[in-house]
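Listed here are the chains, written in short residue letters.
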Amino acid sequence: MTGKELVTQAIHLEKTPRTPWVPFVGVHGGKLLGLDATTYLRSGDHIFNGVSKAIKEYDPDGIPVVFDLQVEAEVLGCDLMWADDNPPSVASHPLSEGKKLEDLKIPTLADGRIGMIMDVTRRLREAHPDVALYGLITGPFTLALHLLGTDVFIKMLEEEDYVHRVMEFGKQVCMFMAEEYIKNGCDVIALVDPMTSQISPEQFRQFVTTPATEIFDFIRQQGALSSFFVCGYAQQNIEAMCECKPDNVSIDENIPLDYVREVALPMGVSFGGNMKLTVVLLMGSPEDCQVHALECMEQAGDKGFILAPGCDLPMDTPPENLKAVTQLVHDDYQQEVIRTLMENQPEEEKLPDMSEYGQTDKVIVDIITLASESCAPCKYMVDAVKNVAPEFEGILEWREHSIKKMEAVNFMNALMVRSLPTICIDGKIAFTSKIPPRSVLIQAIQNRINEKLKLKLSQKHPELLLFTTDKEEEEKLHEITAEAINQLGADVDIRHITDEKIIRSYGIHKTPAIMTVSYKLKSQGRIPSVDVVREWIKEVM
């Protein structure tokens, strides 16, 4: 049985002799050729050679032609930011910058990179007839975000008809792309709509269900199979996704496979996923990858399941990790070996106590992401924080923690973050997976500032220490400092130190002298972690 037949059988909800394996090779194909992402994605020959090498190395049952959710946005007028190790990201939003929806036209093969990609599809079909080719198209809601930016969330409330018109336009773009992929040999058309993780089931059914259903009907009429790709914490929308009648849904590590199985199969929809991209495939060992792959396979069962990464593979994913997964899905004996190992796994490493994190004068906003340069929900979450930061200049620090680095993974686990992207304010989870409206985010930060102010007022008063051995100087210093405190209306104590030995113990060799002292409670009742204490020390350096 060929890989294409195996994928088709799984999507048709038939039991398969083994689990189909579909690695989502995107810019990782460039890594296999020693090329950066930008060079790779701009050349049809490079994409053909990269996918062909991935097929040779990883023996997949199916594989995408290209994984770039900015192809359509680029030809519709969005500026792109290109990168060396990720697909490009959208840097401008035409419909929020003066362009009218009526000005936008359905793309053609002559626009942007579309013709090149279809030519690659045709070449791959001829070269690899036994592999299921996936054509990935940007879903209408994610395309609306690209065109409108986060303004779309406000317009969903205030200009419902306009959003429906934007979604209708996105649907037409999707149908054009799907038809071209099918003409050139794709077996499965995947509607990739990660930004739907940001809306409720009610909003999903209001804005996404109709265009998505019509797209899947169109794909079916063209004789191809369909899949609905989503990433992020989209568990609340799985049932609504299946109601759109795709042949398959594919999800990432944020959603348990057994939950998807229980929802999808009774609705006649196959499912795929959801191997962890970074902590396992990127940073784990080959054995880690086999253990995790087997966990996914056993959780999913033997009907209607396709093993795949949660999303586009990180560019630097070690080839030996993907080869290890290939070995596992093809080798029953290796599966038994891994089952034995799973029964004897060591306890997890103890994480540092971060309960006192964020106890500085400034408010610290941490955004834990997969990577904002390659993950659309992550990018728009980071943008939300970046855009409100000027409102709190001097009292707010924000940082992105991409879990493509192990230190960020440890940080994420220490803060008990379980879904991406997530915003934490001073070490406490504030917004999980959902991009907060500007006003809501500002209020959350202001609330934390108010909390800190109350804490500061409850602490021991700061002091001014006056050092002198001369009575006249002592009286003059007291008069000056008292007047300054009075003018400010400050709550500061004054303490006189006149003993020469005590003065020298402070490192003071010449009087008169003044020293300010502040008392800030940082921790009580527990021993904080090194990371937390290091943060406090920075304040007094």
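Residues numbered from 1 in each chain as written. Predicted model: local features only at pLDDT ≥ 70, side-chain atom pairs only at ≥ 80, totals over all residues. Heavy atoms only, no water.

Comments concerning the overall build of the protein
Alright, step 1. The helix and strand inventory of the protein stands at 22 helices and 16 strands.
Alright, step 2. With the principal axes as the frame, the protein shows a C-alpha extent of 100 × 60 × 45 Å.
Alright, step 3. In the protein, which comprises 541 residues, the share counted as buried stands at 55%.
Alright, step 4. As displayed, the protein has an accessible area near 24200 Å², and 50% of this comes from carbon and sulfur atoms.
Alright, step 5. If the 53 positive side-chain charges of the protein are averaged to one point and the 83 negative ones to another, these points end up 2 Å apart. (Helix = DSSP H or I, 4+ residues; strand = E, 2+ residues; numbered from the N terminus. Buried < 20%, exposed > 50% of the residue type's maximum accessible area, 1.4 Å probe, protein only. Areas by Shrake-Rupley, 256 points an atom, 1.4 Å probe, with all protein chains shown as cover. Lys, Arg positive; Asp, Glu negative; His and termini not counted. Charge placed at Lys NZ, Arg CZ, Asp CG, Glu CD.)

Here's the deal with the pairing of strand β9 (residues 305–309)
Alright, step 1. The element β9 is extensively covered by neighbouring structure, given that five of its five residues are classed as buried.
Alright, step 2. Side chains Phe-305, Leu-307 and Pro-309 of β9 all project onto a buried face; the interleaved residues Ile-306 and Ala-308 project onto the opposite face, where all are buried too.
Alright, step 3. In this structure, strand β8 (residues 270–275) lies alongside β9, joined through five bridges in parallel fashion. When the bridges of β9 are listed, Gly-273 appears paired with Leu-307. (Pairing = 2+ DSSP bridges.)

A look at the sheet that holds strand β7 (residues 248–250)
Alright, step 1. Judged by pairing direction, the sheet is parallel, and its seven strands sit side by side in the order β1-β4-β5-β6-β7-β8-β9 without closing on themselves. Sheet topology places β1 (62–64) and β9 at the edges, where each strand pairs with a single neighbour. Strand-to-strand twist in this sheet, taken as the mean axis angle between neighbours without regard to direction, amounts to 25°.
Alright, step 2. Summarising the sheet, strand β5 (residues 188–192) and strand β6 (residues 225–229) pair through five bridges and their orientation is parallel. What sits directly across from Val-188, in β6, is Leu-225.
Alright, step 3. Docked against the sheet, helix α7 (residues 140–148) engages β4 (132–138) and β5, running at close to 45° with respect to β4. (Axes fitted to C-alpha atoms, helices over the stretch in contact; angles between N-to-C directions. Contact = heavy atoms within 4.5 Å.)

Remarks on the packing of α7 against helix α9 (residues 160–183)
Alright, step 1. Running from N to C, α7 and α9 point in directions that differ by 115°, and their axes come no closer than 8 Å. What the angle tells us is that α7 and α9 run roughly perpendicular. Seen along the crossing, α7 lies across α9 with a hand that is right-handed. In contact with Pro-140, Phe-141, Leu-143, Ala-144, Leu-147 and Leu-148 of α7, α9 contributes Tyr-162, Val-166, Met-167, Phe-169, Gly-170, Lys-171, Val-173 and Cys-174.
Alright, step 2. Among the residues making up the contact of α7 with α9, the classes are represented as twelve nonpolar, one polar and one charged. (Parallel < 35°, antiparallel > 145°, perpendicular 65-115°, else oblique. Left-handed = near helix turned anticlockwise from the far one by under 90°. Nonpolar A, V, L, I, M, F, W, Y, C, P; charged D, E, K, R; others polar.)

Concerning the sheet that holds strand β14 (residues 463–467)
In any sheet, the strands associate via hydrogen bonds between backbone groups, in a parallel or an antiparallel arrangement.
Alright, step 1. Read from one edge of the open sheet, three strands run β15-β14-β16, paired in mixed fashion. If you trace the sheet from one side to the other, it starts and ends with β15 (493–497) and β16 (513–517), each paired once. With direction set aside, neighbouring strand axes in the sheet form an average angle of 20°.
Alright, step 2. Across five bridges, the pairing between β14 and β15 is parallel. Along β15, the bridge assignment pairs Leu-465 with Arg-495.

Let's talk about the nonpolar core
Alright, step 1. Counting 125 residues, the largest nonpolar core has Tyr-181, Phe-228, Leu-307 and Ile-445 as the members making the most contacts within it.
Alright, step 2. Among the elements that take part in this core, α9 stands out by supplying 13 residues, more than any other.
Alright, step 3. When sequence neighbours within four positions are dropped, the list of residues in contact with Ile-445 reads Val-363, Val-365, Val-388, Phe-392, Leu-396 and Ile-425.
Alright, step 4. The next biggest cluster of nonpolar side chains, apart from the first, holds 35 residues, and it includes Leu-69, Ala-308, Ile-364 and Phe-411. (Core = buried A, V, L, I, M, F, W, Y, C linked by side-chain atoms within 4.5 Å.)

Thoughts on helix α16 (residues 332–342)
Alright, step 1. Restricting attention to buried positions, one finds in α16 the residues Gln-334, Gln-335 and Ile-338. Summarising the axial view, the buried residues of α16 lie within an arc of 105°, below the 170-degree limit, and thus occupy one face. The exposed residues of α16 that point more than 90 degrees off its buried face are Asp-332 and Tyr-333.
Alright, step 2. Two or three places before Tyr-333, at the opening of α16, Asp-331 has a side-chain oxygen 2.9 Å from that residue's backbone nitrogen. (Arc of directions from axis to C-beta. Polar contact = N/O pair within 3.5 Å; in protein donor to acceptor, adjacent residues only side chain to side chain.)

Some words on the side chain of Asn-184
Alright, step 1. Here Asn-184 lies in the loop between α9 and β5.
Alright, step 2. Overall, Asn-184 belongs to the buried group, its relative accessible area being 12%.
Alright, step 3. Polar side-chain contacts of Asn-184 include one of 2.7 Å to the side chain of Arg-122.
Alright, step 4. When residues no more than four places from it in sequence are discounted, the contact partners of Asn-184 are Met-118, Thr-121, Arg-122 and Arg-125.

Quick notes on the side chain of Asp-366
Alright, step 1. Inspection of the secondary structure assignment puts Asp-366 in strand β10 (residues 363–369).
Alright, step 2. Buried charge without a salt bridge: Asp-366, with Arg-399 as the nearest opposite-charge side chain at an N-O distance of 4.2 Å.
Alright, step 3. Separated by 3.2 Å, the side chains of Asp-366 and Tyr-357 make a polar contact.
Alright, step 4. Of the polar contacts made by the side chain of Asp-366, one reaches the side chain of His-401; its length is 2.6 Å.
Alright, step 5. Not counting the four nearest positions on each side in its chain, Asp-366 is found in contact with Tyr-357, Arg-399, His-401, Phe-411, Thr-422, Ile-423 and Cys-424. (Salt bridge = Lys/Arg side-chain N within 4 Å of Asp/Glu carboxyl O.)

Side note on α9
Alright, step 1. Along its 24 residues, α9 runs 35 Å from first to last C-alpha, staying within 8% of the 34 Å computed at 1.5 Å per residue.
Alright, step 2. Looking at the residues trailing α9, positive phi occurs at Gly-185, about 115°. (Expected span 1.5 Å × (residues − 1).)

A look at a negative patch on the surface
Alright, step 1. Together, Asp-470, Glu-472, Glu-473 and Glu-475 make up a negatively charged patch on the protein surface.
Alright, step 2. Mapped onto the elements, Glu-473 comes out in helix α20 (residues 471–488). (Patch = residues over 30% accessible without salt bridge, like charges linked within 9 Å, V, L, I, M, F, W, Y side chains within 5 Å.)

Bear in mind that shape data such as this cannot, by itself, settle questions of function.
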